[in-house]
Amino acid sequence: MKRKIISICLMIALISVSVFTLAACGNQSAYDGADGADGAVFQNLRIFNTGLHLTQDQVASQIKADYLKQNKGYLDSDKIVVMVMLDDDALIDDYIDNYSGQYRSVAEYASSDVGNARKAYLQAKRNFAIDRMSKNGLLEDVKCTYDTILNGFAATIEYGNLRLLENFDGVKTVIISDTYNHPQSASSDSDAKSITNLVDIYPTGIFDSSSVPYTGKRTSVAILDSGFDCDHTVFDMELKADEISYTKEDIENLLGDTNAAKYTSDIDIDKVYVSSKIPFAYDYADKDTNVDPYDSEHGTHVAGIIGGKDSVITGVAVDTQLVLMKVFPDLSTGGKTEDILLALEDAVLLNVDCINMSLGSSCGF
């Protein structure tokens, strides 16, 4: 197997103009406003509403911003989710520093005896740290744990404990989890007409790759997005067995080591394997195997552009396999950092060639 280089493309996929922005008020300083009871200076925020129609997620963003503005930030009693990174190197760092000459990819290293020993070591130290933090009253609950692209965990805490957690022995850094809006597809002809494309395109607006001698054979693309209609005609194709990265058996062998398996007890290959075109599909936001889109067609749209093919649509790399990772929940607002990281880890463990993340504008700070 050739060495695979993971290319992470963070695509901010909102085509429409953002309906509001958050800006710091003040003169030369970003801090301008009332002093807190303890003498701290708070950052006042101003919301500019353009008058455009707000989506459900954007309304939620504005509500959160209003709340933070009115309270001059979080209250100490507010519950927040944080990403806690611990001191020891994650699997990807250990691979780069010590084992890249022995194994051809992070995925190969992670599945080796050496990688499994490293994972067990990280898990034992992390569990010990979590136990100590919990006994000190710093954690409400642990939501997710990570070994591959970072060594740490996501947990719910009271905001007032944030500084204590940051200074806890063995903690490298603590980051407040962000929430991302659903990415939006172009909603009208006027949106498309405002874009000038200087390259060859099909009538659909997709790049015409027919002159390029590459079609995506023996490659895979992980797509982190809002949801996917796996029954769409654009994915109704069978790829040749000698021109793919994964067989069904390959995915079955890898499945047990994934975060998908960690958080869904009854998972099996028939629930995540759709076809040779879509060898893996999982919902990291809702922790189940149903990746159907509920209120956004964006994931299907992006996957079709990348590698779909039917009588109307021709994607850029029609022979690539699509690893579909739903990171936006069905019935609530916004994709969470902790769920996106779970999907990213599995993309690395599955040894994909490219990762596409479509995330709307951040709701947090």
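Scroll up to find the structure.
Here the structure is a predicted model, which means the values were calculated and not measured.

Procedures and definitions
Residues numbered from 1 in each chain as written. Predicted model: local features only at pLDDT ≥ 70, side-chain atom pairs only at ≥ 80, totals over all residues. Heavy atoms only, no water. Helix = DSSP H or I, 4+ residues; strand = E, 2+ residues; numbered from the N terminus. Buried < 20%, exposed > 50% of the residue type's maximum accessible area, 1.4 Å probe, protein only. Contact = heavy atoms within 4.5 Å. Areas by Shrake-Rupley, 256 points an atom, 1.4 Å probe, with all protein chains shown as cover. Patch = residues over 30% accessible without salt bridge, like charges linked within 9 Å, V, L, I, M, F, W, Y side chains within 5 Å. Salt bridge = Lys/Arg side-chain N within 4 Å of Asp/Glu carboxyl O. Lys, Arg positive; Asp, Glu negative; His and termini not counted. Charge placed at Lys NZ, Arg CZ, Asp CG, Glu CD. Pairing = 2+ DSSP bridges. Expected span 1.5 Å × (residues − 1).

Some points on the overall build of the chain
Move 1: For the chain, the count of helices and strands is 11 helices and 13 strands.
Move 2: Considering the chain as a whole, with its 365 residues, one finds that 46% of them fall into the buried category.
Move 3: Pairs at least 24 apart in sequence give 74% of the contacts found in the chain among residues at least 6 apart.
Move 4: In the form shown here, the chain has an accessible surface area of approximately 18,200 Å², with 51% of it arising from carbon and sulfur atoms.

Here we look at a negative patch on the surface
Move 1: Residues Asp231, Asp236, Glu238 and Asp292 make up a contiguous surface patch of negative charge.
Move 2: Position of aspartate 231 among the secondary structure elements: in the loop between strand 9 (220–225) and helix 7 (248–255).
Move 3: The exposure class of aspartate 231 is exposed, given its relative accessible area of 72%.

Quick notes on the pairing of strand 13 (residues 354–358)
Move 1: With 4 of its 5 residues buried, strand 13 lies for the most part within the structure.
Move 2: Bridge count for strand 9 against strand 13 is 4 bridges, and the pairing is parallel. Bridging from a neighbouring strand, isoleucine 223 pairs with asparagine 356 of strand 13.

Thoughts on helix 4 (residues 113–135)
Along an α-helix, residues three or four positions apart point the same way, because every turn accommodates 3.6 residues.
Move 1: When the terminal C-alpha atoms of helix 4 are compared, their 33 Å separation across 23 residues agrees well with the 33 Å that a helix rising 1.5 Å per residue should span.
Move 2: Regarding helix 4, the residues found buried are Gly115, Arg118, Lys119, Leu122, Arg126, Ala129, Ile130 and Met133.
Move 3: With its phi angle positive at about 75 degrees, glycine 137 sits one or two positions after the end of helix 4.

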